[in-house]
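# Commentary on secondary and tertiary structure
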Number of protein chains: 2
Amino acid sequence: MLLQNPTKQAAVTTADKVFEQLQHAIVEGEMAAGSKISEPELAKRYEISRSTLREALNRLEKCHLIERKANIGSRVVDCTIEGLLELYITREALEGMACRQAALNMTDEEIGHMQSMLAQHAGDKALQDGVAYYQEEGDVDFHYKVILGSHNQQLINLICGQLYHLVRMYRCQFGMHSPRATRAFTEHSNIIQAISDRDGELAELLMRRHIAASRKNIENKIALQKAAQHSEEI
Amino acid sequence: MLLQNPTKQAAVTTADKVFEQLQHAIVEGEMAAGSKISEPELAKRYEISRSTLREALNRLEKCHLIERKANIGSRVVDCTIEGLLELYITREALEGMACRQAALNMTDEEIGHMQSMLAQHAGDKALQDGVAYYQEEGDVDFHYKVILGSHNQQLINLICGQLYHLVRMYRCQFGMHSPRATRAFTEHSNIIQAISDRDGELAELLMRRHIAASRKNIENKIALQKAAQHSEEI
DNA sequence: AAAAGATTAATTGTCGACAATAATACTTAA
DNA sequence: TTAAGTATTATTGTCGACAATTAATCTTTT
């Protein structure tokens, strides 16, 4: 996932840099989900004092990548199926509303950019048909553009600043390379159409269905896995 | 506002206690919105070291009550009308979804509690007709119960752990003692009915309208104020 | 006199050490 | 042998001091 969080500013302080490294390590699974974090050990590994490490940990906690308990310590968050489904439900609510606001607040110029981006993805897709990677990049890119297009700082901060770190973590941990590439592309087209029509209600509806479809796709996979496990046991 | 955040745990560490005091001070307006925060000064006032003060500041930043810039410092968040409207839009999205999930996931027992709570509020209302205070308490109480009823930890954390601190701050700063008491009561009744009918779609719709009505109520007030200002100038 | 630059003061970021709390290992009693 | 209680170790929370950066003051120049 090459695209970076579009809302973050350049890391100036060392705590910022360590935060980014740790964030990467957690999202990519180099630090095991659910594992305990030892402050002295991490501080030694990154060659910083515990103070600046704790500063970095605070930022990780801010985007829900770790959990802290007083006098006990920090743990990397656990990636559970329930948590994943909860995340999608939250995304459905927030990104649905962001999409509605985007239809109301995006400038014509911004809409033009999104349309040309989609056209370019169409080319990529035709070129590398079936390869999900570009489409996944495009997916993230598309969603970011819609969120930023809401022009609602509260929504932007919540989704880009917090939620999407968790989304990326779940994607890596569960190895989710969306197999819905072509279908997602069509759904994106329709959403952009609704936005350029300034139809907020339809835009929200379509975005919610788009995310709900991903969630149901996951639920189906889980159900199949469970069925397979069950047949093994017999 | 007597009701406390139902998701928080008891403050054990001194940073926790200072965080709560600062939170109160910011929400109630004792620390002016938009004002700069001096770490040495605050540390001296609360008789703690800068380290533990910074720990407390990190928590304030987590619930969006202050904003920090690297090498520059912290400021209490500014309460703008745009920010208030953004907050209501975000609430509409999140609490609407929470209400839908509540309709799906609340236990019969939880629903029973909510119904009896509403009945009690009806008594209070009949007793002190027109006095908004109890109703406002009841309003917060009602919304908390619905959110917790979603049984979605992600939604609960976002709304109760972060958004509602800002909501309370705006309410204090703008002196908003809802004049929609009786109307809000009816809306609450209908929402609970939808939940007990397990009608998620209707429950979400009603909750969104309930919050949107508050937002529009504010927008109208603002418009009236602006009109009055304008006529003064002439 | 006003603006640009240099110098000083103040604030934030980082560090290592100590205190308080929790986890572990050990001892003792049933 | 197991369980409870105690002692020990390790981890987290807090502190004061120093370094790096920013803000303020003063000087200098046009």
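Structure's up top.
This text gives an overview of the structure that appears in the document. (Residues numbered from 1 in each chain as written. Chains lettered and ligands numbered in written order. Predicted model: local features only at pLDDT ≥ 70, side-chain atom pairs only at ≥ 80, totals over all residues. Heavy atoms only, no water.)

Attention now moves to the overall build of chain A. Helix and strand counts for chain A come out as nine helices and three strands. By the burial criterion, 49% of the 234 residues in chain A qualify as buried. Counting only contacts in chain A whose residues sit at least 6 apart along the sequence, the fraction spanning at least 24 positions is 80%. Within the structure as shown, chain A displays about 11,600 Å² of accessible surface, and the carbon and sulfur contribution to it stands at 50%. (Helix = DSSP H or I, 4+ residues; strand = E, 2+ residues; numbered from the N terminus. Buried < 20%, exposed > 50% of the residue type's maximum accessible area, 1.4 Å probe, protein only. Contact = heavy atoms within 4.5 Å. Areas by Shrake-Rupley, 256 points an atom, 1.4 Å probe, with all protein chains shown as cover.)

Moving on, we come to the protein's contact with DNA strand C. What surrounds DNA strand C is a group of 19 residues, the closest being Thr13, Thr14 and Thr52 of chain A together with Arg50 and Arg54 of chain B. When the atoms of DNA strand C within 4 Å of the protein are sorted by group, sugar and phosphate make up 68%. A distance of 3.3 Å separates a phosphate oxygen of DNA strand C from a polar backbone atom of Ile37 of chain B. Arg50 of chain B has a polar side-chain atom sitting 2.8 Å from a base nitrogen of DNA strand C. Among the secondary structure elements, those contributing two or more residues to the surface near DNA strand C are α1 (14-27) and α3 (50-62) of chain A together with β1 (36-37), α2 (39-45) and α3 (50-62) of chain B. Of the residues in the surface near DNA strand C, the class split is six nonpolar, eight polar and five charged. (Near = heavy atom within 4 Å. Polar contact = N/O pair within 3.5 Å; in protein donor to acceptor, adjacent residues only side chain to side chain. Nonpolar A, V, L, I, M, F, W, Y, C, P; charged D, E, K, R; others polar.)

Looking now at the protein's contact with DNA strand D. Close contacts around DNA strand D come from 19 residues, with Arg50 and Arg54 of chain A together with Thr13, Thr14 and Thr52 of chain B the closest. Sugar and phosphate atoms form 68% of the subset of DNA strand D atoms that lie within 4 Å of the protein. In the environment of DNA strand D, a phosphate oxygen lies 3.1 Å from a nitrogen or oxygen atom belonging to the backbone of Asn71 of chain A. At 3.2 Å from a base nitrogen of DNA strand D is found a side-chain nitrogen or oxygen belonging to Ser51 of chain B. Among the elements of the structure, β1 (36-37), α2 (39-45) and α3 of chain A together with α1 (14-27) and α3 of chain B are those that each provide at least two residues to the surface near DNA strand D. When grouped by side-chain class, the residues that make up the surface near DNA strand D number six nonpolar, eight polar and five charged.

On to the packing of helix α7 (residues 153-173) of chain A against helix α7 (residues 153-173) of chain B, then. At a minimum axis distance of 13 Å, the contact between α7 of chain A and α7 of chain B shows a crossing angle of 145°. When you trace α7 of chain A past α7 of chain B, the crossing you get is right-handed. Note on element contacts: α7 of chain B touches α7 of chain A through Gln154, Leu158, Gln162, Leu163 and Leu166 of chain B, opposite Gln154, Leu158, Gln162, Leu163 and Leu166 of chain A. (Axes fitted to C-alpha atoms, helices over the stretch in contact; angles between N-to-C directions. Left-handed = near helix turned anticlockwise from the far one by under 90°.)

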